[in-house]
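Here's the letter readout for the chains.
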Amino acid sequence: MANSGLQLLGFVLALLGWVALIAATILPQWRMSSYAGDNIITSVAVYQGLWMSCAWQSTGQIQCKAYDSILNLSSALQATRALMVVSIVMGIIGIGVASMGMKCTRCGGDNKVQKARIAMTGGLIFVVGGLAALIACSWYGNQIVQDFYNVTVPMNAKYEFGSAIFIGWAGSALVLLGGGLLSCSCPGKSGYSQQYPKSKATSRTPTSKEYV
């Protein structure tokens, strides 16, 4: 059986990563306007997220506007949205399942082997959610890089990585690490070991040859 401390550590890491994924999904700083070039106006900074775009002025005023139409969005943005939502939903399911299988909880019965299997299932769910978030952040980041080095894109329309995408990468890494630690709860052969009764020594009567 896996150590309960290892299970608790994996659960805490996965929970922190899940919170980071929620924050990254909500924040509008997935990409920010690039200041590369000579004729860039730095008094206004433009941020774009998964759900809205914001303009930050040097005076401190921030104006945000939600995207009007889903069909107007790029395929990369729509896929990133879907994958991040899937990762958050998988995190909710993983939290519920892993909580039932941890040794420090009384849910899921008293069978240690069964609880270890439940915790392992929760860890696998976390891993799937972390992979979905990692694919979403990497896909969106790759789109930013391609647009930045595309010569046909005007210089004032280029963007760089925002803080939210780094939070998403960090959150997906924590979820993957925590899910991996929870997956180590797979019961080994010791969980299935059975105790067999010891064989009693049979008494043997001495033969006539042994007296000679």
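Cut-offs applied
Residues numbered from 1 in each chain as written. Predicted model: local features only at pLDDT ≥ 70, side-chain atom pairs only at ≥ 80, totals over all residues. Heavy atoms only, no water. Phe/Tyr/Trp six-rings, centres within 6.5 Å; stacked < 30°, edge-to-face > 60°. Buried < 20%, exposed > 50% of the residue type's maximum accessible area, 1.4 Å probe, protein only. Lys NZ or Arg CZ within 6 Å of the ring centre and 35° of its normal. UniProt positions renumbered as here; feature names shortened; annotations may be inferred. Helix = DSSP H or I, 4+ residues; strand = E, 2+ residues; numbered from the N terminus. Pairing = 2+ DSSP bridges. pLDDT = per-residue confidence, 0-100. Contact = heavy atoms within 4.5 Å. Axes fitted to C-alpha atoms, helices over the stretch in contact; angles between N-to-C directions.

Right, let's get into the packing of aromatic side chains. Overall, the coordinates contain 5 aromatic pairs when judged by the stated rule. Residues Phe-161 and Phe-166 carry aromatic rings whose centres are separated by 6.0 Å and whose planes lie at 80° to one another, so their mutual orientation is edge-to-face. Phe-166 gets classed as partly exposed once you look at its relative accessible area, which sits at 45%. Put simply, the rings of Phe-161, Phe-166 and Trp-169 pair up and form one aromatic cluster. The residue whose ring lies beneath Arg-31 is Tyr-159, and the NZ or CZ to ring-centre distance is 4.4 Å. For Lys-158, the ring lying beneath its charged end belongs to Phe-148, and the centroid distance is 5.8 Å.

Here, the residues flagged by UniProt with the feature "transmembrane region" (unreviewed entry) are residues 6-27, 79-98, 118-141 and 161-182. The distance from the first to the last C-alpha atom of residues 118-141 is 35 Å, and the span holds 100% helix and 0% strand. Helix and strand shares over residues 161-182 are 91% and 5% respectively, and the end C-alpha atoms of the span are 32 Å apart.

A few words on the pairing of strand β4 (residues 62-66). Of all 5 residues that make up β4, 0 are buried, and the element is exposed over most of its length. Relative to β4, strand β3 (residues 52-57) runs antiparallel, the two sharing 5 bridges. Residue pairing in the sheet places Ala-55 in a bridge with Gln-63 of β4. In sequence, β3 turns back onto β4 through a hairpin of 4 residues, with Gly-60 there showing a positive phi of about 105°.

This part is about the confidence of the model for the protein chain. Any residue range with low pLDDT should be treated as having predicted coordinates unsuitable for detailed reading. Averaged over every residue, the pLDDT of the protein chain is 81; the share at 70 or more is 79%. Contacts of residues 190-202 to residues separated by more than four positions or lying in other chains number 5 contacts, the stretch itself having pLDDT below 50.

Along the chain, Ser-34 falls in the loop between β1 (31-33) and β2 (44-48). In this structure Ser-34 comes out as buried when scored by relative accessible area, which is 4%. When the C-alpha positions of Ser-34 and Val-46 are compared, they lie 8.9 Å apart, and in sequence the two are 12 residues distant.

So, about the environment of Tyr-35. Mapped onto the elements of the fold, Tyr-35 is located in the loop between β1 and β2. Take Tyr-35: its relative accessible area is 36%, and that puts it in the partly exposed class. Sequence separation between Tyr-35 and Asn-156 is 121 residues; the distance between their C-alpha atoms is 8.2 Å.

Moving on, we come to the pairing of β2. Pairing analysis gives 2 bridges linking β1 to β2, with the strands arranged antiparallel. The partner of Arg-31 across the bridge, within β2, is Gln-48. Connecting β2 to the next strand, β3, in antiparallel fashion are 3 residues.

Another aspect to go through is the sheet that holds β3. Two strands in a sheet stick together by hydrogen bonds in their backbones, pointing the same way (parallel) or opposite ways (antiparallel). Strand order in this open sheet of 5 strands is β4-β3-β2-β1-β5, and the pairing throughout is antiparallel. Each edge of the open sheet is held by one strand with a lone partner, namely β4 and β5 (159-161). Taken over all neighbouring pairs, the strand axes of this sheet differ in orientation by 25° on average, direction set aside. Looking at chain direction, β2 and β3 are connected through 5 bridges and run antiparallel. Counterpart to Tyr-47 in the pairing with β3 is Cys-54. Contacting β1, β2 and β5, helix α3 (residues 112-148) crosses the sheet at an angle of about 140° to β5.

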